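Residue strings, one per chain:
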Amino acid sequence: MTRILVLQPHAFSEPAIAAPRPAFESDIDATYRAVGGAWSAAGGFVDAALEDLAVFEAGRHAAEEGFDAVCVDALDDGGANALRSMLALPVLATGKTVALHALTLGGRFALIAGTRERAVRAAAAQRQWGIERHCAALRTAEPDAPHALRATLWECLDQGAEVLCFDSGALSTAARKIAPDFPLALLDPVEVTVRLAQALVAVSLTHSRTASPAPLVPKLAVIEAMARQAVSQATPWTRPSVPARD
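Residues numbered from 1 in each chain as written. Predicted model: local features only at pLDDT ≥ 70, side-chain atom pairs only at ≥ 80, totals over all residues. Heavy atoms only, no water.

Caption draft 1: Focus on the packing of helix H4 (residues 94-102) against helix H8 (residues 189-202). Two elements in contact, H4 and H8, have axes separated by 9 Å at closest approach and are oriented at 85 degrees. Taken together, the axis directions place H4 and H8 in an arrangement best described as roughly perpendicular. Touching Thr94, Thr97, Val98 and His101 of H4 are Pro189, Val190, Val192, Thr193 and Leu196, all from H8. (Axes fitted to C-alpha atoms, helices over the stretch in contact; angles between N-to-C directions. Helix = DSSP H or I, 4+ residues; strand = E, 2+ residues; numbered from the N terminus. Parallel < 35°, antiparallel > 145°, perpendicular 65-115°, else oblique. Contact = heavy atoms within 4.5 Å.)

Caption draft 2: Main features of the side chain of threonine 94. With respect to the helices and strands, the residue threonine 94 is situated in helix H4. Not counting residues up to four positions away in its chain, the partners in contact with threonine 94 are Val72, Asp73, Ala74, Pro189, Val190 and Thr193.

Caption draft 3: The arrangement of the state of the cysteines in detail. The tally for this structure, following the rule as stated, stands at 0 disulfides. Take cysteine 156: it sits in no disulfide, and the sulfur closest to it among the cysteines is that of cysteine 135, at 8.4 Å. (Disulfide = S-S within 2.5 Å.)

Caption draft 4: Region of interest: the packing of helix H2 (residues 45-59) against helix H5 (residues 116-129). Running from N to C, H2 and H5 cross one another at 70 degrees; their axes reach a closest spacing of 10 Å. The angle between H2 and H5 places the two elements in the roughly perpendicular class. Each of Phe45, Ala48 and Glu51 in H2 lies in contact with H5, whose residues at this interface are Val120, Arg121 and Ala124. Per-class residue counts for the contact of H2 with H5 are 4 nonpolar, no polar and 2 charged. (Nonpolar A, V, L, I, M, F, W, Y, C, P; charged D, E, K, R; others polar.)

Caption draft 5: Spotlight on the sheet that holds strand S8 (residues 185-187). Spatial ordering of the open sheet is given by S6-S5-S7-S8, a layout of 4 strands whose pairing is parallel. The two strands at the open ends of the sheet, each matched to only one other strand, are strand S6 (135-140) and S8. Averaged over all neighbouring strand pairs, the angle between strand axes comes to 20 degrees, with direction disregarded. Relative to S8, strand S7 (residues 163-166) runs parallel, the two being bridged by 3 bridges. Residue pairing for S8: valine 163 is matched across the bridge by alanine 185. Here H5 sits on the sheet and contacts strand S5 (109-113) and S6; the angle it forms with S6, its principal contact strand, is near 155 degrees. (Pairing = 2+ DSSP bridges.)

Caption draft 6: Quick look at the nonpolar core. Formed by 20 residues in total, the largest nonpolar core has its most connected members in Leu7, Ala62, Val70, Val72, Leu83 and Val91. At the level of secondary structure, the elements contributing two or more residues to this core comprise strand S1 (2-8), H2, strand S3 (69-72), helix H3 (78-86) and strand S4 (91-93). Here this core takes 5 residues from H2, the largest share from any one element. Contact partners of valine 72, with chain neighbours within four places excluded, come to Leu7, Val55, Ala80, Leu83, Val91, Leu92, Ala93 and Thr94. Listed in part, the 18 residues of the second largest apolar core include Ala110, Ala136, Leu153 and Ala161. (Core = buried A, V, L, I, M, F, W, Y, C linked by side-chain atoms within 4.5 Å. Buried < 20%, exposed > 50% of the residue type's maximum accessible area, 1.4 Å probe, protein only.)

Caption draft 7: Looking closely at H5. Given a rise of 1.5 Å per residue, 14 residues ought to cover 20 Å, and the 20 Å separating the end C-alpha atoms of H5 matches this to within 8%. The set of residues buried in H5 consists of Arg118, Ala119, Arg121, Ala122, Ala123, Ala125, Gln126 and Trp129. Of the surrounding elements, those touching the buried residues of H5 are H2, H4, S5 and S6. Looking one or two places after H5, you find glycine 130, whose phi comes out positive at around 75 degrees. (Expected span 1.5 Å × (residues − 1).)

Caption draft 8: How the structure looks around the side chain of serine 212. With respect to the element layout, serine 212 can be found in the loop between H8 and helix H9 (220-232). With a relative accessible area of 8%, serine 212 lands in the buried category. Beyond its immediate stretch of four places on either side in the chain, serine 212 contacts Arg84, Ser85 and His207.

Caption draft 9: Main features of the pattern of salt bridges. Counted under the stated rule, the structure contains 12 salt bridges. When the shortest N-O distance is used, the salt bridge between aspartate 77 and arginine 84 registers 3.2 Å. Judged by relative accessible area, which is 7%, aspartate 77 ranks as buried. Looking at arginine 84, the relative accessible area reads 9%, which means it is buried. Among the salt bridges present, the one from aspartate 167 reaches arginine 118, with a minimum N-O distance of 2.6 Å. One end of the pair, aspartate 167, is in the loop between S7 and helix H7 (169-178); the other, arginine 118, is in helix H5, with 49 residues separating them in the sequence. This pair shows no difference in class: aspartate 167 is buried, exactly as arginine 118 is. Counted as one network, the salt bridges with shared partners bring together Glu25, Arg176, Glu191 and Arg195. (Salt bridge = Lys/Arg side-chain N within 4 Å of Asp/Glu carboxyl O.)

Structure, rendered in structure tokens:
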């Protein structure tokens, strides 16, 4: 059995992102861990910096805990990159994994994010990875607004998308319910990432130590203290209000 730790930075702040969770066969034991702190679900760059610290602290003991791989439910690679420098296990982030996996199924993909701020973060990450030209559309939608979500799906198709990615399991589940016969593959970020992690473990592959060198001075006590302070200063999350249009 493959034991996989799934770190979810938004599980405390927005329960809909943490559930529903994909079902896996008995050979995958996925343990979901909510990363401490009530980060804003809007997910801007300040939240990303705090999120990276908390993700690192939540996952750095994964090998000691008996896990075979770590999946970070995040739009970019920040917290995952830090974990790779400390762990010899495969460490995957859902945003990068689902985008690259989409390119094995089609030439262009679209990403549907939960908020505008998260879409901006995703766009920045795609530029960093050099795959932005493969993104046909970057849109926002909410899982509890089925009519708007359905319209967004068709808009992505009209923009030339051949595969659809989502930034949360809640969005992908909602899309599959309202459009079960949609002509494009709909990729759930956690499901795809966990299954890819299992495949890497099965063939005894992990990240390159050249690409993710170990730190010369780990400074783990400093990072732990910063993460603890960030969590203690967190405030309860509320959904951002949308200004009314004239």
